[in-house]
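Chain and residue survey
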Amino acid sequence: MGTRTIIPFGPQHPVLPEPIHLDLVLEDEKVVEALPSVGFVHRGLERLAEVKDFHELVYVAERICGICSFIHGQGYCQGVETLLNIEVPARAKYLRTIWAELSRIHSHILWLGLFADAFGFESLFMHCWRVREKIVDIIEATAGGRVIFGSCKVGGARRDIPNDVLKGIKAELTTIEAEYNELKPTFLHDNSVKRRTVGIGTLSKEQAYALGAVGPTLRGSGVASDLRTLGYAAYKDLQWEPVVEHGGDCYSRTVVRVREVTMSFDLIRQAIDKIPEGPVDVKVTGNPTGEFFSRLEQPRGEVVYYVKGNNTKFLERFRIRTPTFANIAPLVVMLKGCELPDVPVIVLTIDPCISCTER
Amino acid sequence: MTMIEPQPVIAIDRADLPEKAKEFFVQGYRLVQICATNGDSTLEVTYSFDRDYAFTNMRVILQKDDTVLPSITGSFLAAFTYENELQDLFGIKITDLAINYNGNFYKMAIKTPFLVNKSSGAA
């Protein structure tokens, strides 16, 4: 056994824009153990349910994260709508699906850029963010905000997207996807990318499942689990299958995201083709009663909204289990046995969002 | 409905918790989440599991003057994050916890903030 050293990694680190800390126990440069610490900026947003009524709380939910904000709002609304026994209009379900998939595209391309930056591929980072910017432009044109959509509400959608605008988006997506397709080969086939990702941070199928991994972290290890399979929003009407890779390493997790972007382009096109006419919201009466776990697939994986109502306008309990929180335990296993320079790359492949984790 | 998914909740005694968790593990479930709800005199702790999109829960009710729970990390190592959260936010003492931060998982200005009542102004 070599000399053991403990290296502190984070909470301020060049590849980590948010505070997570790891105590890395090293033998020479090999990581033999990693102990994570979070909780530096815990916000306690869940308790705001006690002072914000259930209509207002969607604004809190959207602000849990600045990247997957829409799906946070959607998950919360779906939970409360279930408690209220509300059937959301079909058009609202399709609008939610379109906005959710736009979120997934911009989140994954943002991550691909950050990942490229983490292993020193600056030009690839800039190309990714250039393409992502065009998706954010569509979000701004349809929702009014670039980060916070403000488009989901209990009972449906706060605004419609006119059909002629949807047609324009479909045409624009063709252009954006062509630009995105120029980036894909670099992630999939470039030798310098593969040398930093193939066989690094491996998590077996059994480990990923047993440790409760979610999202691309789980699917990159060969487990075909994607909560969109539940058929919420418009997903039950669309043709798609979970993206699965079997390597279990950093490369497989990257490939899952690369392929999921392509699938999201397709899902949006399908949704635009099939979106029905009609209202986008229904009148909401009464107060939430009972309890429900609302589960959705965010870009980073399964998110769980637990809502418990007591027939008042304030929820008795509002709890969010975010994807990054679930992926902390798998991360500990991925890091064991890796070399120190690979730590930032491995950490990034769970796409950590500490803003979500510190809800 | 917006989303219909059967979500059974099985009430169990805390002494049976590790054994029940082991049963879920053996049956091939994965741990989805653990959360607590603060009641007037009780704490309700819910453990959620999933297998092939079948979602099920088990629930333990604790009296606030006796909030000790056995850990399920013996079956589900991933539970250590949730159980440390229960300790820090709700003051629930977890025994046999595989990775125990001893109240330092979250760095907070006050101890057990989720036990503070709304009327006291903490929320």
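Residues numbered from 1 in each chain as written. Chains lettered and ligands numbered in written order. Predicted model: local features only at pLDDT ≥ 70, side-chain atom pairs only at ≥ 80, totals over all residues.

Moving on, we come to the overall build of chain A. Across its full length, chain A carries twelve helices and eight strands. Here chain A has a C-alpha radius of gyration of 20 Å; the compact-globule value for 359 residues is 21 Å, and the two agree. Its C-alpha atoms give chain A principal-axis dimensions of roughly 65 × 45 × 30 Å. The proportion of buried residues among the 359 residues of chain A is 55%. A sequence separation of at least 24 residues applies to 70% of the contacts in chain A between residues at least 6 apart. (Helix = DSSP H or I, 4+ residues; strand = E, 2+ residues; numbered from the N terminus. Rg over C-alpha atoms; globule rule 2.2 N^0.38 Å. Buried ≥ 20, exposed ≤ 12 C-beta atoms within 10 Å, placed from the backbone. Contact = placed C-beta atoms within 7 Å.)

The next thing to look at is the pairing of strand β6 (residues 289-298) of chain A. All names here are of chain A. With respect to burial, β6 is a largely interior element, eight of its ten residues being buried. In this structure, β6 lies alongside strand β7 (residues 301-310), joined through ten bridges in antiparallel fashion. Its bridge partner lying in β7, T289 is registered against N310. In sequence, β6 turns back onto β7 through a hairpin of two residues. (Pairing = 2+ DSSP bridges.)

Contact with chain B, which involves 26 residues of that partner, is made by 33 residues of chain A. Of all the secondary-structure elements, those providing two or more residues to the side of chain B that touches chain A are β2 (30-38) and α2 (79-90) of chain B. Among the elements that line the side of chain B that touches chain A, the one with the most residues is β2 of chain B, at six residues. A per-class count over the side of chain B that touches chain A returns 16 nonpolar, six polar and four charged. (Nonpolar A, V, L, I, M, F, W, Y, C, P; charged D, E, K, R; others polar.)

All right, on to the packing of helix α4 (residues 122-143) of chain A against helix α5 (residues 163-189) of chain A then. Residue and element names in this part refer to chain A. Running from N to C, α4 and α5 cross one another at 170°; their axes reach a closest spacing of 10 Å. Considering the angle they form, α4 stands roughly antiparallel to α5. As for how α4 packs across α5, the hand of that crossing is left-handed. Every residue of α5 that contacts α4 at L124, H127, C128, V131, K134, I135, I138 and T142 is listed here: V165, I169, E172, I176, E179, Y180, L183 and T186. Considered class by class, the residues forming the contact of α4 with α5 number ten nonpolar, three polar and three charged. (Axes fitted to C-alpha atoms, helices over the stretch in contact; angles between N-to-C directions. Parallel < 35°, antiparallel > 145°, perpendicular 65-115°, else oblique. Left-handed = near helix turned anticlockwise from the far one by under 90°.)

Our next topic: the confidence of the model for chain A. Considering every residue of chain A, the mean pLDDT works out to 92; 100% of them sit at 70 or more. Element-level mean pLDDT values for chain A span from 76 in helix α12 (residues 354-357) of chain A up to 97 in helix α9 (residues 250-274) of chain A. (pLDDT = per-residue confidence, 0-100.)

Residue and element names in this part refer to chain A. Here three strands make up an open sheet; going across it, the order is β6-β7-β8 and the pairing antiparallel. For this open sheet the edge positions go to β6 and β8 (317-321), each flanked by a neighbour on one side alone. Neighbour to neighbour, the strand axes of the sheet diverge by 10° on average, direction disregarded. In the packing of helix α10 (residues 323-335) onto the sheet, the strands contacted are β6, β7 and β8, and the crossing angle to β7 comes to about 130°.

All names here are of chain B. Ordered by their spatial adjacency, four strands build an open sheet running β1-β4-β3-β2, and the pairing between neighbours is mixed. Here the strands that pair on one side only, and so sit at the sheet edges, are β1 (9-11) and β2. Neighbour-to-neighbour, the strand axes of this sheet turn through a mean angle of 25°, independent of strand direction. Sheet topology places β1 next to strand β4 (residues 54-63); three bridges connect them, and they run parallel. When the bridges of β4 are listed, I10 appears paired with M58. Here α2 sits on the sheet in contact with β2 and β3 (42-51), set at roughly 5° to β2.

Turning our eyes to something else, we now look at the packing of helix α2 (residues 69-84) of chain A against helix α3 (residues 90-118) of chain A. Residues and elements named next belong to chain A. Where α2 contacts α3, the two axes come as close as 8 Å, and the packing angle between them is 140°. Classified by chirality, the crossing of α3 by α2 is left-handed. Residues F70, I71 and Q74 of α2 lie in contact with α3, whose contacting residues are R96, W99, A100 and S103. Its residues placed into classes, the contact of α2 with α3 shows four nonpolar, two polar and one charged.

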